[in-house]
Amino acid sequence: MSKQSKRAKAAQIRETMAAEGEAVQENTKGFNQGRYDSVADLEDYQGLKDEARQIKEAAIEQLPELIEQLTETVEENGGTVYLAEDEADANEYIQSLVESGETVVKSKSMTSEEIEVNEHLESAGAEVVETDLGEWVLQLAEEEPSHIVAPAIHKSRASIAELFRERFDPDRPLETPEDLTAFASEQLASKFDDADVGMTGANFLTADSGTMMLVTSEGNARKTVAATDTHVAVAGVEKIVPSVEDLQPFVELIGRSGTGQDITSYISLLTPPVDTATFGDETIEGAEDREFHLVLIDNGRMEMREDEQLRETLYCIRCSACANTCANFQQVGGHEFGGETYTGGIAGGWETGVHGLDSSEEFVDLCTGCSRCVEACPVGIDIPWINTVVRDRINRGADDHAYDFLVDGLTPDAESGGMSYQKRFFGNFVTVAKLGSLFAPVSNWLADFGPNRWIAEKLLGVDQRRDMPTFQRETLKEWAGDRDGPTDPDREVLMLADTYTNYMHVERGKAAVRTLEALGVSVEVADVTESGRAALSQGMVETATKHGEAVAEELLPHIEAGRDIVMVEPSDLAMLRDDYGQLLDEKTYEQLSENSYEILEYVYGLLENGASADALADGDGEEIAYHGHCQQRTLGLAAHTEAVLEELGYDLITSDVECCGMAGSFGFKQQYYDVSMAVGEDLREQFSTPEAEGRTIVASGTSCHDQLTDLMKQDVPHPIELVAPLERA
């Protein structure tokens, strides 16, 4: 954010959302719903994903050997392989195959976008024509792709019709998608007839036979190959898999994951050089008369393979599921959530690897780490972690600010100078919370005082339109310390009260303690509150690790003593269940992960094992509307909350909106406030329907609480506050 002010960034995003947001929303949400529907028909979706993951892991592990094997195979078939070190090297080789004045027809290829081959060939006097409809539209409009699979996803039918009218002045109205497609086909037909060179990408390459798999919606890739005498295929080295048999899971997954189609319109398996079409017994031209050149692109990929944190990026099959399922991408599209070439969540890894951190810096904070993309990814790439690492590297490479020597001395984190003050503020929020609680209520008055809000926005980028949290003078830890628990408890629990539960939303922590005690569980509240979630969300990995180590030091003795760990905040539980796997040693991570529970997951378990629901509050048919936290859903825990509420007699409806849009500090940041509110609009609409209107709205996450409170203008309790019995006399 150093290159652009937060106010200017916010204005740019608003402009993009106004121009492209509606089309991007409609198309990405359609793709995402299609993915849900399509994979539901698979007998063993997870099994296919596991198989695909194993194939990619093995292929990247043996990549040097596979490159060598593929080279030998293609050359035995009569083709040529050129291993290009970088984009300049690749373009120089490709230019040697195309003479000035020749026409090149291209099918869609992100790798060719990466090396900017069109611009290079055109500057050398060649004509380059994109034949994928979306790419051709963008070539006419002189725009960049905004999506990996559907490059013109940001353009409406009407805008494309207007573009065609301006460029070609057609003699008939072009009103329907069929009209537009037919017109484009007519225009491109003559280009195929005149073409000298056909250029494709490759979704996969098999080392055993030299076969390439091309996945398209229009069949233009096959025509690009068949209509020309010289075929140039441009592909990243990570596209190689060992054998043709390895393609099977990807055939099943790639269309479903990308556009929600059970199978894409055209899956071509070619082993070039290929024969031209035959007519009857007459062969017009044989493979021996044709040229095939496979240009394998490194361009940073082999370094990514050696990079423990970025290596997983190479498993990507470019399906776009991570973009389609991302709530922020659905609002802004790839012109905001993307770099020089790649778009969506996985772009953080790709752009860092092939173009460098500068390209990632302007968009990677749009990944909020909600983890929805991990479930959607057909090879299970931990995209949030990759983007966290990218943020961490950006933080460490940032230029020093004038007063960083003061910040380094005053802030409690483990980061070096150069980070934005905004990230330091949110990453160290536990310190702010401690001070806010210590000096409440004066601190609350100061936090809301108009001039102070203006300063906070100017200095830290905290948007003035957000309500600040209210600090409580008595913390949960202090309240719980004066309690007498059950005299003969059935179980013992250590509650890891997150920063918000301990210092601000203390009532939900008290409700959790009362609930557990009513079910025969004694509760002790841990001294440590911060899991490291706040720091990790800012890319402050070293600071998050130190928080994790402090949590482990306090919790492990209790676990060894037979106590369970219970938490109220789902995003903090996700640290113990998931993120600590990246921060702590394996044994420590497994101990914390296996013995930690979300509060209503734990209550559900107690009820299932004989505890009496009569000890808890009776729902008595109260109508409530429930929104689960995104990471709670990823962990598979929302169902436990719903089951407990229904058992207690609540009349429950649940939102099917996957993200509230707040995502911790994201919705507080000036540059992202509008995106956050736009994402939340779906939730507001759902809870404003006649079915939901008038119901008590409850939410499990702190972020969801804050967003829904702003959107619905009403208090939004945690479900545990409904479940908890009244305080005993």
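From a predicted model like this one, the values you see are computed outputs, not experimental measurements. (Residues numbered from 1 in each chain as written. Predicted model: local features only at pLDDT ≥ 70, side-chain atom pairs only at ≥ 80, totals over all residues. Heavy atoms only, no water.)

1. Side note on the overall build of the protein chain
Along the backbone of the protein chain there are 36 helices and 19 strands. Its C-alpha atoms give the protein chain a radius of gyration of 28 Å, within 12% of the compact-globule value 27 Å for 729 residues. Dimensions of the protein chain along its principal axes, counting C-alpha atoms only, are 95 × 55 × 50 Å. Pairs at least 24 residues apart make up 76% of the contacts formed inside the protein chain by residues separated by at least 6 positions. As displayed, the protein chain offers around 29,500 Å² of accessible surface, 46% of which is attributable to carbon and sulfur atoms. Of the side chains in the protein chain, 56 bear a positive and 140 a negative charge, and the two mean positions are spaced by 6 Å. (Helix = DSSP H or I, 4+ residues; strand = E, 2+ residues; numbered from the N terminus. Rg over C-alpha atoms; globule rule 2.2 N^0.38 Å. Contact = heavy atoms within 4.5 Å. Areas by Shrake-Rupley, 256 points an atom, 1.4 Å probe, with all protein chains shown as cover. Lys, Arg positive; Asp, Glu negative; His and termini not counted. Charge placed at Lys NZ, Arg CZ, Asp CG, Glu CD.)

2. Details of the pattern of salt bridges
In total, this model carries 38 salt bridges according to the counting rule given. Between E681 and R684 there is a salt bridge, with the nearest N and O atoms lying 2.6 Å from each other. Placement of both E681 and R684 in helix 34 (residues 673-686) is noted, with a separation of 3 residues, approximately one turn of the helix. (Salt bridge = Lys/Arg side-chain N within 4 Å of Asp/Glu carboxyl O.)

3. Quick look at the environment of E542
Structurally, E542 is set in helix 28 (residues 541-560). Expressed as a C-alpha distance, the spacing of E542 and A414, which sit 128 residues apart in the sequence, is 6.1 Å.

4. Remarks on the sheet that holds strand 8 (residues 240-241)
Two pairing modes exist for strands in a sheet, parallel and antiparallel, and in both the strands are linked by backbone hydrogen bonds. Strands sit in the order 8-5-6-9 across an open sheet of 4 strands; the sheet is mixed. Since the sheet does not close on itself, it has two edges, and those belong to strand 8 and strand 9 (266-270), each with one partner. Strands in contact with helix 11 (residues 248-259) are strand 5 (204-206), strand 6 (212-216) and strand 9; relative to strand 6, the strand with the most contacts, it is inclined by about 20 degrees. (Pairing = 2+ DSSP bridges. Axes fitted to C-alpha atoms, helices over the stretch in contact; angles between N-to-C directions.)

5. Regarding the UniProt feature "coiled-coil region" (unreviewed entry) in the protein chain
The sites that UniProt annotates as "coiled-coil region" (unreviewed entry) are residues 42-76. Helix and strand shares over residues 42-76 are 89% and 0% respectively, and the end C-alpha atoms of the span are 38 Å apart. (UniProt positions renumbered as here; feature names shortened; annotations may be inferred.)

6. A word on helix 26 (residues 506-518)
The terminal C-alpha atoms of helix 26 lie 18 Å apart, and with 13 residues this matches the ideal 18 Å at 1.5 Å per residue to within 8%. In terms of burial, helix 26 is a largely internal element, 11 of the 13 residues being buried. (Expected span 1.5 Å × (residues − 1). Buried < 20%, exposed > 50% of the residue type's maximum accessible area, 1.4 Å probe, protein only.)

7. Side note on helix 8 (residues 157-168)
Helix length check: helix 8, at 12 residues, gives a terminal C-alpha distance of 16 Å against a target of 16 Å (1.5 Å per residue), a fit within 8%. Among the residues of helix 8, I160, A161, L163 and F164 are the ones counted as buried. Seen end-on, helix 8 carries its buried residues on one side only, within an arc spanning 160 degrees. Of the surrounding elements, those touching the buried residues of helix 8 are helix 7 (133-141) and helix 9 (177-194). At the C-terminal side of helix 8, D169 shows a positive phi close to 50 degrees. (Arc of directions from axis to C-beta.)

8. Details of the packing of aromatic side chains
Per the stated rule, a full pass over the model turns up 16 aromatic pairs. Ring geometry for F425 against F426: centres 5.1 Å apart, planes inclined by 75 degrees, an arrangement best described as edge-to-face. Given the relative accessible area of 18%, F425 is considered buried. We classify F426 as buried; its relative accessible area is 8%. On the basis of an interplanar angle of 15 degrees and a centroid distance of 5.6 Å, the ring pair of F429 and Y500 is categorised as stacked. On the criterion of sequence distance, the pair formed by F429 in helix 21 (residues 429-438) and Y500 in helix 25 (residues 499-503) is long-range, its members being 71 residues apart. Assessed through its relative accessible area of 8%, F429 is described here as buried. One aromatic cluster is present, formed by W136, F164, F168 and F183 through successive ring pairs. (Phe/Tyr/Trp six-rings, centres within 6.5 Å; stacked < 30°, edge-to-face > 60°.)

9. A look at the sheet that holds strand 12 (residues 291-297)
Overall, parallel pairing links the 6 strands, which are arranged 1-12-7-4-2-3 in an open sheet. Of all the strands in the sheet, the pair left with one neighbour each is strand 1 (80-84) and strand 3 (127-130). Neighbour-to-neighbour, the strand axes of the sheet open up by a mean angle of 20 degrees, direction not taken into account.

10. Concerning the side chain of E457
Its place among the elements puts E457 in helix 23 (residues 450-460). This buried residue, E457, is left without a salt bridge; R7 holds the nearest opposite charge, at 4.0 Å. Within the structure, the side chain of E457 is placed 2.8 Å from the backbone nitrogen of Q464, a separation counted as a polar contact. Beyond its immediate stretch of four places on either side in the chain, E457 contacts R7, V462, D463, Q464 and Q670. (Polar contact = N/O pair within 3.5 Å; in protein donor to acceptor, adjacent residues only side chain to side chain.)

11. Some remarks on the environment of V493
With respect to the secondary-structure elements, V493 resides in strand 13 (residues 491-495). The sequence separation of V493 and R563 amounts to 70 residues, and the corresponding C-alpha distance is 5.2 Å. Once you skip the residues sitting within four places of it in the chain, V493 turns out to touch L516, V521, S522, V523, E524, D564, V566 and Y602.

12. Here we look at unusual backbone geometry
Cis peptide bonds are those with omega within 30 degrees of zero, and the linkage from P272 to P273 qualifies with 0 degrees. By the element assignment, P273 lies in the loop between strand 9 and strand 10 (278-279). A cis amide bond, omega 10 degrees, links A440 with the succeeding residue P441. One can find P441 in the loop between helix 21 and helix 22 (442-448). One non-glycine residue, D169, lies in the positive phi region at around 50 degrees. With relative accessibility at 63%, the residue D169 sits in the exposed group. Phi is positive for S320, close to 85 degrees, though the residue is something other than glycine.

13. Some points on the packing of helix 26 against helix 31 (residues 599-608)
Working note: a packed helix pair is described by the angle between its axes plus the distance between those axes. Remark: helix 26 packs on helix 31, axes separated minimally by 11 Å, with the N-to-C direction vectors making an angle of 10 degrees. Taken together, the axes of helix 26 and helix 31 lie roughly parallel to each other. Regarding helix 26 and helix 31, the two cross each other, and that crossing is left-handed. Along its contact with helix 26, which presents A512, T515 and L516, the element helix 31 presents I599, Y602, V603 and L606. For the contact of helix 26 with helix 31, the class distribution of residues is 6 nonpolar, 1 polar and no charged. (Parallel < 35°, antiparallel > 145°, perpendicular 65-115°, else oblique. Left-handed = near helix turned anticlockwise from the far one by under 90°. Nonpolar A, V, L, I, M, F, W, Y, C, P; charged D, E, K, R; others polar.)

14. A short note on a negative patch on the surface
On the surface, a cluster of negative charge is contributed by E65, E68, E72, E75 and E76. With respect to the helices, strands and loops of the structure, E68 is situated in helix 3 (residues 63-77). Its relative accessible area of 51% is what places E68 among the exposed residues. (Patch = residues over 30% accessible without salt bridge, like charges linked within 9 Å, V, L, I, M, F, W, Y side chains within 5 Å.)

15. As for the domain arrangement of the protein chain
Per the domain assignment, the segments of the protein chain are domain 1 (61-303) and domain 2 (476-723). For domain 1 and domain 2, the distance between their C-alpha centres works out to 48 Å. (Domains from an automatic or database assignment.)

16. Points about the nonpolar core
Counting residues in hydrophobic clusters, the biggest one holds 81 residues, and the most contacted among them are L205, I240, L294, L296, I346 and I381. With 6 residues, the single largest contributor to this core is helix 2 (residues 45-61). In this structure, this core is formed jointly by two domains, domain 1 (61-303) and domain 2 (476-723), each of which donates at least three residues. Ignoring any residue separated from it by four or fewer positions in sequence, one finds L294 in contact with L70, V74, T80, V81, Y82, L205 and A233. (Core = buried A, V, L, I, M, F, W, Y, C linked by side-chain atoms within 4.5 Å.)

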